[in-house]
Amino acid sequence: SVKQTFSASIVTPQPLRVFVSGNKTREYSDEKFVYTEFRMDIPVPSYLFALVVGNLQEKVVGRRTSVITEPENMEVAAKELEDMDLMLEQLETYINYPYIWGYYKVVILPPSFPIGGMENPLLTFASPSIIVGDKSNVAVTIHEMAHSWTGNLVTNRNWKSFWLNEGFTMFLERAGASQYMGEEYVPIDVVAAYSELQEDIKQFGENDSFSSLTPQFNGKSPDDAFSSVPYEKGY
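Here is what the cut-offs are and how they apply
Residues numbered from 1 in each chain as written. Predicted model: local features only at pLDDT ≥ 70, side-chain atom pairs only at ≥ 80, totals over all residues. Heavy atoms only, no water. Pairing = 2+ DSSP bridges. Helix = DSSP H or I, 4+ residues; strand = E, 2+ residues; numbered from the N terminus. Axes fitted to C-alpha atoms, helices over the stretch in contact; angles between N-to-C directions. Phe/Tyr/Trp six-rings, centres within 6.5 Å; stacked < 30°, edge-to-face > 60°. Lys NZ or Arg CZ within 6 Å of the ring centre and 35° of its normal. Parallel < 35°, antiparallel > 145°, perpendicular 65-115°, else oblique. Left-handed = near helix turned anticlockwise from the far one by under 90°. Contact = heavy atoms within 4.5 Å. Nonpolar A, V, L, I, M, F, W, Y, C, P; charged D, E, K, R; others polar.

A. View of the sheet that holds strand E1 (residues 4-13). With antiparallel pairing, three strands are arranged side by side in an open sheet as E1-E4-E3. A strand with exactly one partner marks an edge of an open sheet, and here the two such strands are E1 and strand E3 (23-29). When the angles between neighbouring strand axes are averaged without regard to direction, this sheet yields 10°. Sheet analysis places E3 next to strand E4 (residues 33-44), joined by six bridges and oriented antiparallel. Looking at E4, one finds that Ser-29 is bridged to Val-34.

Following this line, the structure appears as structure tokens:
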């Protein structure tokens with residue numbers, strides 16, 4: 001993949017706040033505006049550049065982790081994700097390679113966000129559907145966190161090899177989830193995911209390349225091939 005570092009200087013009207021998938025290096029304000037600067041010194045592919053602006057609040061929940069969301073949702077979200085430091089430490093220990101990015105932050109987005117999560121470095125996007133009150137859906141957070149190594153640090157060359165991002169990340173997600181949620185979690189999750197995989201293959205057709213780990217696009221959008229196949233076959 002093509003990767004690059006970047007910097008950003010963003011001006012937002014008061015009282016809105018901005019967050020970017022990079023480390024914040026400076027912030028100051030006047031009566032009307034907030035001026036915020038960011039840097040990303042680790043090369044990343046363009047699909048990992050992310051920005052969010054709104055009536056947002058950030059709360060530190062651990063030594064290296066924090067939650068960002070609207071103020072009225074913060075108490076519940078922060079409680080649900082209060083163990084992110086533990087998840088990060090468990091993944092580091094399992095992978096035996098340090099988390100190098102900086103502060104790990106999760107943004108809980110509005111319900112219109114169409115997927116479970118997106119692994120932007122330092123600014124994971126997450127659906128509010130992961131906040132259920134009993135921490136039973138935090139495997140999504142472990143998955144996006146695992147992308148800090150597989151996908152963000154080591155990235156597939158192109159979308160024909162997308163399974164390299166997602167298959168290895170599914171493996172790390174389940175390794176992390178088995179530690180955090182208990183070993184009995186993974187077999188149940190695999191059975192449920194296999195059912196979804198079978199349904200996706202049925203939709204594409206067993207002999208369609210989109211049912212394989214090496215899809216051939218032939219002018220079609222890579223989005224057309226998005227399914228559980230690279231995740232579960234890759235796993």
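Still more to cover.
B. Structural context of the packing of aromatic side chains. Under the criterion given, the structure shown has 16 aromatic pairs. Counting every residue linked through ring pairs, the aromatic cluster contains Tyr-47, Trp-159, Phe-162, Phe-226 and Tyr-231. One residue, Arg-174, lies across the ring of Tyr-235, its end atom 4.4 Å from the ring centre.

C. Region of the structure containing the packing of helix H3 (residues 139-146) against helix H4 (residues 162-180). Interaxial distance between H3 and H4 falls to 8 Å at its minimum, and their mutual angle equals 130°. Classed by the angle they form, the pair H3 and H4 counts as oblique. As for the relative orientation of H3 and H4, their crossing is right-handed in sense. Between H3 and H4, the residues in contact are Ala-139, Ile-142, His-143 and Ala-146 and Glu-166, Thr-169, Met-170, Leu-172, Glu-173, Gly-176, Ala-177 and Tyr-180, respectively. Residue composition of the contact of H3 with H4, grouped by class: seven nonpolar, three polar and two charged.

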